[in-house]
Amino acid sequence: MNQIFTRAFSIISCFLLLAVSNLHAQVLINEISASNYSTIANSDGEYDDWIELFNDGSSSVNLQGYGLSDDSLDRFKFVFPNYSINPGQRILVFASDMNIGTLADHWETAVTASTTWRYFVGTSQPDTNWRNLTFNDGSWSTGQGGIGYGDVGLGTTITTSARSVMMRKTFFAPDTSDILKAILYMDYDDGFVAYLNGIEIARANLGSVGDRPTYDVYAGISHDANLPSGDAPDSFYVDNELFKRALLQGINVLAVEAHNYTNTSNDLNSTPFLLFGMSTPGSTFGNNPGWFYSSDEFFNANFKLSSAGEAVILSTPAGVTADSKIFPALGMDNSIGR
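Residues numbered from 1 in each chain as written. Predicted model: local features only at pLDDT ≥ 70, side-chain atom pairs only at ≥ 80, totals over all residues. Heavy atoms only, no water.

Draft legend 1. Expanded view of the sheet that holds strand E4 (residues 67-69). Taking strand neighbours across the sheet as the criterion, the 4 strands line up as E5-E4-E21-E22 in an open arrangement whose pairing is antiparallel. Of all the strands in the sheet, just strand E5 (78-79) and strand E22 (321-327) have a single pairing partner and so form its edges. Relative to E22, strand E21 (residues 310-315) is paired through 6 bridges, and the arrangement is antiparallel. Its bridge partner lying in E22, Ala311 is registered against Ile326. (Pairing = 2+ DSSP bridges. Helix = DSSP H or I, 4+ residues; strand = E, 2+ residues; numbered from the N terminus.)

Structure below.
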């Protein structure tokens, strides 16, 4: 009975919120998409639900302490950091079930494919420690990335008999406290796993998380690289807790293995980039590739929206409703706006 009462009270509260919401609120819930399949991609390339806020006033509003939620009984599922929204500005919050409340001041490239790498051609099994920082790669070959065969734009071409290629690149991080987050951009054909100081940070089309493939394992499905056709590489947002655990003050190593799909494939490609979101202005690492757009940076709220319809509530730090919106069932890639 208590559960039924609580649910009923929550539903009634949602409708009351809409009725009593301040009609002249300055920051508004402007648009909602609860079935985003292909319209707007998140920072990690995923198509999550999203909520757009709009400053309808003539002055900036600092959103620090404001709450965003889909539950009137838990108004602060997502809490905004110290961030000001200017007059006429729109901001997008992805309802991705991830809590990402810090936006980087800017992005820099710590590791780029076009520099010199140490690499090992996968025609035999390398030392099992090759992914780790302490591994001595002095006997490995050197060459410019990307590395592989059969694709245009590769920096180093290897033998077509290779089932895989392993790559290592060291870099120096002078102040890890200034680094907020990381995205691995990987142009690959056909599958890969990437490691930071021996800790897996991204994977696609190759085994399962935690598995360390041998050199002769084939990728699960075929996947063409993007850069040869003029498109940006695939992006992989690095889990923030994992990233903070893997990154070291001082010398680090990014290790990547790329594997082919079949032994008759006419191409193999491994072209990695590691980008860092920095907390303060300045320049610590390198410039970003021309295909990178820093506008891909978004807040992410730790809840998801129901495509069957529900309420979204924006609350002031004091818990007062700044705005609310009840939306109906939404079809694929449809949104509802004011």
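Having seen the model, we can carry on.
Draft legend 2. Seen up close, the pattern of salt bridges. With the rule as written, the count across this model stands at 7 salt bridges. For Asp48, the salt bridge is made with Lys304, and the minimal N-O distance between the two is 3.9 Å. Of this pair, Asp48 sits in the loop between strand E1 (27-33) and strand E2 (49-55) while Lys304 sits in the loop between strand E20 (299-301) and E21, placing them 256 residues apart in sequence. Look at Asp48 and you get buried, because its relative accessible area is 12%. A salt bridge links Arg131 to Glu257, with the nearest nitrogen and oxygen atoms 3.2 Å apart. A residue pair is termed long-range when its members are at least 10 positions apart, and Arg131 in the loop between strand E9 (116-121) and strand E10 (141-144) and Glu257 in strand E18 (residues 250-259) qualify at 126 residues. On the accessibility criterion, Glu257 (0% relative accessible area) is buried. (Salt bridge = Lys/Arg side-chain N within 4 Å of Asp/Glu carboxyl O. Buried < 20%, exposed > 50% of the residue type's maximum accessible area, 1.4 Å probe, protein only.)

Draft legend 3. Quick peek at the sheet that holds strand E23 (residues 336-337). Spatially, the 5 strands line up as an open sheet ordered E20-E7-E2-E1-E23, and their pairing is mixed. Every interior strand has two partners, whereas the edge strands, E20 and E23, have only one. As paired strands, E1 and E23 are joined by 2 bridges and run antiparallel to one another. Looking at the pairing, Glu31 lines up with Gly337 of E23.

Draft legend 4. Here's a closer look at the environment of Leu227. Along the chain, Leu227 turns up in the loop between strand E16 (199-204) and strand E17 (234-237). Taking relative accessible area as the criterion, Leu227 reaches 29% and is therefore assigned partly exposed. Each C-alpha atom of the pair Leu227 and Trp107 lies 20 Å from the other, and the pair is 120 residues apart in sequence. In this structure, Leu227 is in contact with Asp187, Pro233, Thr271, Phe273 and Trp291, ignoring residues within four places of it in sequence. (Contact = heavy atoms within 4.5 Å.)

Draft legend 5. The pairing of strand E15 (residues 191-196), seen in detail. Most of E15 is tucked away, with 6 of its 6 residues classed as buried. Going residue by residue along E15, you find Gly191, Val193 and Tyr195 tucked away on one face and Phe192, Ala194 and Leu196 tucked away on the opposite face as well. The sheet contact formed by E15 and E18 spans 6 bridges and is antiparallel. Along E18, the bridge assignment pairs Phe192 with Ala258. Examined bridge by bridge, E15 and E16 share 5 bridges and lie antiparallel to one another. Along E16, the bridge assignment pairs Val193 with Arg203. Between the end of E15 and the start of E16, which pair antiparallel, lie 2 residues, with Asn197 showing a positive phi angle near 55°.

Draft legend 6. Expanded view of the side chain of Asp189. Assignment of secondary structure puts Asp189 in strand E14 (residues 179-189). There is no salt bridge for the buried Asp189, and the closest opposite charge comes from Arg163, which lies 14 Å off by N-O distance. (Lys, Arg positive; Asp, Glu negative; His and termini not counted.)

Draft legend 7. Molecular detail of the packing of aromatic side chains. Using the criterion set out here, one finds 19 aromatic pairs in the structure. Consider the rings of Phe276 and Phe285, whose centres lie 5.3 Å apart with planes at 80°: the pair is edge-to-face. With a relative accessible area of 0%, Phe276 lands in the buried category. An aromatic cluster is defined as three or more aromatic residues linked by ring pairs; in this entry it consists of Trp107, Tyr185, Phe273, Trp291 and Phe292. (Phe/Tyr/Trp six-rings, centres within 6.5 Å; stacked < 30°, edge-to-face > 60°.)

Draft legend 8. Spatial organisation of the nonpolar core. Judged by nonpolar contacts, the single largest core of 37 residues is most densely connected at Leu184, Phe192 and Phe276. Per-element accounting of this core gives the leading share, 5 residues, to E14. Judged by nonpolar contacts, the second largest core, of 26 residues, contains Ile32, Leu68, Phe80 and Ala322. (Core = buried A, V, L, I, M, F, W, Y, C linked by side-chain atoms within 4.5 Å.)

Draft legend 9. Just unusual backbone geometry, in detail. In this structure, the amide linkage connecting Gly145 to the following residue, Gly146, adopts the cis form with an omega of -10°. Residue Asp190 is bonded to the preceding Asp189 through a cis peptide linkage, with omega at 15°. Topologically, Asp190 is positioned in the loop between E14 and E15. Residue Asp97 is not a glycine yet carries a positive backbone phi of 70°. Inspection of the secondary structure assignment puts Asp97 in the loop between strand E7 (90-95) and strand E8 (106-111). Taking the relative accessible area as the measure of exposure, Asp97 reaches 48% and is therefore partly exposed. In this model, Asn205 sits at a positive phi of 60°, which is unusual for a non-glycine residue. Summarising the element assignment, Asn205 is placed in the loop between E16 and E17.

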